Amino acid sequence: MKVLIVNCGSSSLKYQVIDSDSEEVLAKGLCERIGIDGRLVYQKTGEDKEITDAPMPTHKEAIRMVLDALVNPKTGCISGLGEIEAVGHRLVHGGEKFAESCLLNEEVLKTVEECNDLAPLHNPANLIGVRACQELMKDVPMVGVFDTAFHQTMPKKAYIYGLPYEYYEKYALRKYGFHGTSHSFVSKKVAEVEGRDDLKIVVCHLGNGASICAVNAGKSVDTSMGLTPLEGLIMGTRSGDIDPSVMEFLAKKEGLDIPGVMNVLNKKSGVEGISGVSSDFRDLENAMEEGNERAILAVEAFSYRVAKYVGAYAAAMNGVDVIAFTAGIGENTVSVREKVLSTLTFLGLTLDVEANKKRGEDYMTITTPDSKVKAVVVATNEELAICRETVRLVK
Ligand code: AMP
């Protein structure tokens, strides 16, 4: 079955067409600057990237351009739209209403809309993408795969905030967690490769957005992101955990209102804020080599926070069997893995320094055979995970 995977942001749209039988990507790309001017990037597997600048006032025009590119007689990856048998949509926030992926019908979409307050930037854009696809691909089944769903197994003691309980009752104000599709994909892969479904796994999804998840016997029992993706680790440009009083302090000192403070915490903080160099770990590694002290501090602080969360989640599960690194930094930045794991030797973990230097494999072990806790690097693939979920529900 050929499946279109759609991931809509407020002004962008990423897409892939996957053949679910071979699990091969047939084509992929993105639309950028939707509502501003518009650019389509399209790449058929094995061919060069094509870039087309064209007006995209809304997501509907963007999706129409994607569909046109897919069926283009010269460069398309399918001969007609009828070949697309299902569409899988990444949806960010399902609140407490969705613990699983779901076939999207009118009733379900209304319920997703009710979660918009919880993710005001993401959910409305996701829904616009769904509606646009529905209009252009009538009768093709659509599936929503939620970033939050995997974490709905967390016990209440893990997701309740230390706030008046009435806010939880009135507004469903609590920790939700994100990157669930990736945490689920990676923890399943670990269970499959290690041949055990009772493992205590800590998954470190370290990308521009970064979060950690404690997975006990296949279920998320705690995770570092919260009501929104701002909580937890120090990220590319997000602060992660801070004393909430920082907000009042900054507002007074810098004359900022709430959106102003939120802008600082979401877009001007993290390793970029600390280093003053970049949010990108490749730039930070270069700056570190040149002896840039703030870049060194940023990477040290990032890695220290990761190690602390791994330790906390080992405690939360009363043990840990496998620590899994994934996403851009987790899969590629050797020095971060080394820094994190070198503070976890108290768990009986021994890093294999040479194995840790390798890159580019789907699954690799980076601890020695006698290490009591195993550390692995796993290539995440959220699109494939969405594709598998879509096929499971459509079939
Ligand atoms: P993601 O959000 O998963 O795409 O991850 C983005 C982060 O991963 C950025 O900080 C990149 O610097 C880092 N990253 C991606 N690829 C590499 C690479 N080949 N080497 C080092 N860091 C990388």
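The rules we used
- Residues numbered from 1 in each chain as written.
- Predicted model: local features only at pLDDT ≥ 70, side-chain atom pairs only at ≥ 80, totals over all residues.
- Heavy atoms only, no water.
- Salt bridge = Lys/Arg side-chain N within 4 Å of Asp/Glu carboxyl O.
- Helix = DSSP H or I, 4+ residues; strand = E, 2+ residues; numbered from the N terminus.
- Buried < 20%, exposed > 50% of the residue type's maximum accessible area, 1.4 Å probe, protein only.
- Near = heavy atom within 4 Å.
- Polar contact = N/O pair within 3.5 Å; in protein donor to acceptor, adjacent residues only side chain to side chain.
- Areas by Shrake-Rupley, 256 points an atom, 1.4 Å probe, with all protein chains shown as cover.
- Arc of directions from axis to C-beta.
- Contact = heavy atoms within 4.5 Å.
- Phe/Tyr/Trp six-rings, centres within 6.5 Å; stacked < 30°, edge-to-face > 60°.
- Expected span 1.5 Å × (residues − 1).

One pass over the full model with this rule turns up 19 salt bridges. In this structure, Glu-96 and Arg-174 form a salt bridge, with 2.9 Å as the shortest nitrogen-oxygen distance. Of the two residues, Glu-96 sits in the loop between strand S6 (84-91) and strand S7 (102-103) while Arg-174 sits in the loop between helix H5 (165-171) and helix H6 (180-194), which places them 78 residues apart along the sequence. Relative accessible area serves as the criterion here: at 2%, Arg-174 is assigned to the buried category. Lys-357 serves as the salt-bridge partner of Glu-354, at 3.3 Å between the closest nitrogen and oxygen.

Moving on, we come to the site of the ligand. Every residue lining the ligand is accounted for by Gly-207, Asn-208, Ser-279, Asp-280, Phe-281, Arg-282, Ala-327, Gly-328, Ile-329, Asn-332, Thr-333 and Arg-359. Between the ligand and Asn-208 there is a distance of 2.8 Å, counted from an oxygen atom to a backbone nitrogen or oxygen. Within the contact set of the ligand, an oxygen atom lies 3.3 Å away from a backbone nitrogen or oxygen of Arg-282. Within the complex, 71% of the 500 Å² of free accessible area of the ligand lies under protein.

To continue, consider helix H8 (residues 258-267). Listed in full, the buried residues belonging to H8 are Gly-260, Val-261 and Leu-265. For H8, the angular spread of buried residues about the axis comes to 135°, placing them on one side. Of the residues in H8, the exposed ones pointing more than 90 degrees away from the buried face are Pro-259 and Lys-267. Residues of H8 that are buried make contact with helix H7 (245-254). The opening residue of H8, the one whose side-chain oxygen lies 2.9 Å from the backbone nitrogen of Gly-260, is Asp-257.

Moving on, we come to the packing of aromatic side chains. According to the stated counting rule, one finds six aromatic pairs in the structure shown. Centre to centre, the rings of Tyr-309 and Tyr-313 are 5.6 Å apart; their planes meet at 65°, and the pair counts as edge-to-face. In this pair, Tyr-309 and Tyr-313 both sit in helix H11 (residues 293-316), four residues apart, roughly one turn of the helix. Since its relative accessible area comes to 4%, Tyr-313 is described here as buried. Following the ring pairs from residue to residue traces out a cluster consisting of Tyr-159, Tyr-165 and Tyr-168.

What follows deals with H6. Residue pairs spaced three or four apart in an α-helix point in one direction, given the helix's 3.6 residues per turn. Given a rise of 1.5 Å per residue, 15 residues ought to cover 21 Å, and the 21 Å separating the end C-alpha atoms of H6 matches this to within 8%. For H6, every residue scored as buried is listed here: Gly-180, Thr-181, Ser-182, His-183, Ser-184, Phe-185, Val-186, Ser-187 and Val-190. Once H6 finishes, Gly-195 follows within two positions and takes phi at roughly 70°, a positive value.

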